[in-house]
Amino acid sequence: MSVKVIAFVSVKEGREEAFEAAARTCVAASRAEPGVLHYDLWREAEGERRYVFNELYADQAAVQAHMTSDHFKAFGLAARDLAAARPTIIATQPVDVA
């Protein structure tokens, strides 16, 4: 069963470019992972300096593989100094409403 993950990251003022540079590497490598169906980064249009990772995985095993990948770990270390707070992460599963 596919898994949708949405992660919200608030970034410290003036650290947006550094965050985007670190994220760029992680996003590119994540898109190449087996089991990653969709992986994008968005920035909130107004208000906070908040970024949104929009991720879709084939299954929970693909999520676990991503979480243990070297590029994800490296991004996590870099983002720790750039984030204003701990990220909010929401994992969801599809609902059949047809």
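That block above? That's the structure.
In this text the structure is predicted, and so the values were computed from the model without any measurement.

Asker: Please clarify how the pattern of salt bridges should be interpreted in this entry.
Answerer: Side chains that differ in charge, positive against negative, can pair when their charged atoms come close. Applying the stated criterion to the full structure yields four salt bridges. A salt bridge links Arg-50 to Glu-44, with the shortest nitrogen-to-oxygen separation between them at 3.1 Å. Its relative accessible area of 28% is what places Glu-44 among the partly exposed residues.

Asker: Looking at this structure, how should I read the environment of Phe-8?
Answerer: Within the secondary structure, Phe-8 is located in strand 1 (residues 3-10). With relative accessibility at 24%, the residue Phe-8 sits in the partly exposed group. Considered as a pair, Phe-8 and Phe-53 are 45 residues apart in the sequence and their alpha carbons are 6.6 Å apart. In contact with Phe-8, other than residues within four places in its own chain, are Arg-50, Tyr-51, Val-52, Pro-87, Thr-88 and Ile-90.

Asker: What should I look at first to understand the sheet that holds strand 2 (residues 36-43) in this one?
Answerer: The strands that make up a sheet are held in pairs by hydrogen bonds between backbone atoms, and each pair lies either parallel or antiparallel. With antiparallel pairing, four strands are arranged side by side in an open sheet as 2-3-1-4. One side of each edge strand has no neighbouring strand; the edge strands of this open sheet are strand 2 and strand 4 (88-92). Direction aside, neighbouring strands of the sheet carry axes that sit 10 degrees apart on average. Pairing between strand 1 and strand 4: five bridges, direction antiparallel. Residue pairing for strand 4: Phe-8 is matched across the bridge by Thr-88. Each of strand 1, strand 2 and strand 3 (50-57) is contacted by helix 1 (residues 16-31), which is oriented at about 170 degrees to strand 2, the strand it contacts most. Where helix 2 (residues 60-67) meets the sheet, its contacts fall on strand 1, strand 2 and strand 3, and the angle it forms with strand 3 comes to roughly 130 degrees.

Asker: Which parts of the structure should I look at to understand the pairing of strand 1?
Answerer: Successive residues of a regular strand alternate their side chains across the two faces of the sheet. Inspection of the sheet shows strand 1 paired to strand 3 by eight bridges, in the antiparallel sense. The residue of strand 3 that forms the bridge with Val-9 is Tyr-51.

Asker: Looking at this model, I keep getting lost on the nonpolar core. Mind explaining?
Answerer: A general trend in soluble globular proteins is that nonpolar side chains are found buried together. Formed by 21 residues in total, the largest nonpolar core has its most connected members in Val-9, Phe-19, Tyr-39, Phe-53, Tyr-57 and Phe-75. Counting residues per element, the ones that place at least two in this core are strand 1, helix 1, strand 2, strand 3, helix 2 and helix 3 (70-82). Looking at this core element by element, the count peaks at five residues for helix 1. In contact with Tyr-57, other than residues within four places in its own chain, are Ser-2, Val-3, Val-5, Gly-35, Val-36, Leu-37, Tyr-39, Ala-62, Val-63 and His-66.

Asker: Would you mind going over the packing of aromatic side chains with me for this structure?
Answerer: Each aromatic ring pair is specified by the distance between its two centres and by the angle formed by the two planes. With the rule as written, the count across this model stands at five aromatic pairs. In textbook terms, an aromatic cluster arises when at least three aromatic residues are bridged by ring pairs, as seen for Phe-19, Tyr-39, Tyr-51, Phe-53 and Phe-75.

Asker: What is the right way to look at helix 2 in this model?
Answerer: All buried positions along helix 2 are accounted for by Ala-62, Val-63 and His-66. In an axial view of helix 2, the angular spread of the buried residues amounts to 105 degrees, which keeps them on one side of the axis. With a side-chain oxygen positioned 3.3 Å from the backbone nitrogen of Ala-61, the residue opening helix 2 is Asp-59.

About the cut-offs
Residues numbered from 1 in each chain as written. Predicted model: local features only at pLDDT ≥ 70, side-chain atom pairs only at ≥ 80, totals over all residues. Heavy atoms only, no water. Salt bridge = Lys/Arg side-chain N within 4 Å of Asp/Glu carboxyl O. Buried < 20%, exposed > 50% of the residue type's maximum accessible area, 1.4 Å probe, protein only. Helix = DSSP H or I, 4+ residues; strand = E, 2+ residues; numbered from the N terminus. Contact = heavy atoms within 4.5 Å. Pairing = 2+ DSSP bridges. Axes fitted to C-alpha atoms, helices over the stretch in contact; angles between N-to-C directions. Core = buried A, V, L, I, M, F, W, Y, C linked by side-chain atoms within 4.5 Å. Phe/Tyr/Trp six-rings, centres within 6.5 Å; stacked < 30°, edge-to-face > 60°. Arc of directions from axis to C-beta. Polar contact = N/O pair within 3.5 Å; in protein donor to acceptor, adjacent residues only side chain to side chain.

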